[in-house]
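Observations on the model geometry
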Amino acid sequence: MVDVHADMVASVLRVFAEPGLSVEAGDTLLLLESMKMEIPVIAEIPGTVVEIRVQAGYVVQEGDVLVTLDAR
C-alpha cells in the first residue's frame, strides 16, 4: 500500500478518485487550494485506489494522508 500525503496546509476543492478506481501514474486524484492557487494531487505510481480519506471542503495539514493506493 502507498499513502499519498498533503504537501502543505490546503483546502480540498474536489475529489476525482474513488475506491476501486484504477489509476495510472500522472492521473489527478484530487484538487487542493492553498493561497488562492489550485494544486492537483497526482498519482505517482499506477495502482488501484483503496481509500479516500478526505472530501471536498476538508482542510488538510502538511503530511496528512489523502489517498491510499494499492500499487500494481
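Everything below is about the structure shown above.
So, here is what we can say about the structure in this document. These numbers were taken from a predicted model, which means no experiment stands behind them.

1. A short note on the sheet that holds strand β8 (residues 65-71)
In sheet architecture, strand pairing relies on hydrogen bonds along the backbone and comes in two forms, parallel and antiparallel. An order of β1-β8-β6-β3 is seen for the four strands of this open sheet, with the pairing classed as antiparallel. Strand pairing shows two members of the sheet lacking a second neighbour, β1 (2-5) and β3 (22-23), which therefore form its edges. Pairing of β3 with strand β6 (residues 47-52), which is carried by two bridges, proceeds in the antiparallel orientation. The residue of β6 that forms the bridge with S22 is T48.

2. Observations regarding the environment of E24
Inspection of the secondary structure puts E24 in the loop between β3 and β4 (28-34). The exposure class assigned to E24 is partly exposed, which follows from its relative accessible area of 41%. The residues contacting E24, other than those within four sequence positions of it, are A43, I45, P46 and R72.

3. Details of the sheet that holds strand β7 (residues 59-60)
Taking strand neighbours across the sheet as the criterion, the four strands line up as β5-β4-β2-β7 in an open arrangement whose pairing is antiparallel. In this open sheet, the two edge strands, each paired with only one partner strand, are β5 (37-42) and β7. Two strands pair when backbone bridges link them, and β4 and β5 are joined in this way by six bridges, in the antiparallel orientation. By the bridge assignment for β5, E33 is matched with E38.

4. So, unusual backbone geometry
Trans is the prevailing form of peptide bonds, just as negative phi is the prevailing case for residues other than glycine. Non-glycine residue M35 carries a positive phi angle of around 50 degrees. Within the secondary structure layout, M35 lies in the loop between β4 and β5. If you check the backbone angles, K36 has positive phi at about 65 degrees while not being a glycine. With respect to the helices and strands, the residue K36 is situated in the loop between β4 and β5. The class of K36 is exposed, set by a relative accessible area of 80%.

5. Points about the side chain of S34
Residue position: S34 is located in strand β4. Here S34 falls in the buried class, since its relative accessible area comes to 10%. Within the structure, the side chain of S34 is placed 3.1 Å from the backbone oxygen of V9, a separation counted as a polar contact. The contacts of S34, once residues within four sequence positions are left out, are M8, V9, A10 and I39.

Definitions and limits used
- Residues numbered from 1 in each chain as written.
- Predicted model: local features only at pLDDT ≥ 70, side-chain atom pairs only at ≥ 80, totals over all residues.
- Heavy atoms only, no water.
- Pairing = 2+ DSSP bridges.
- Helix = DSSP H or I, 4+ residues; strand = E, 2+ residues; numbered from the N terminus.
- Buried < 20%, exposed > 50% of the residue type's maximum accessible area, 1.4 Å probe, protein only.
- Contact = heavy atoms within 4.5 Å.
- Polar contact = N/O pair within 3.5 Å; in protein donor to acceptor, adjacent residues only side chain to side chain.

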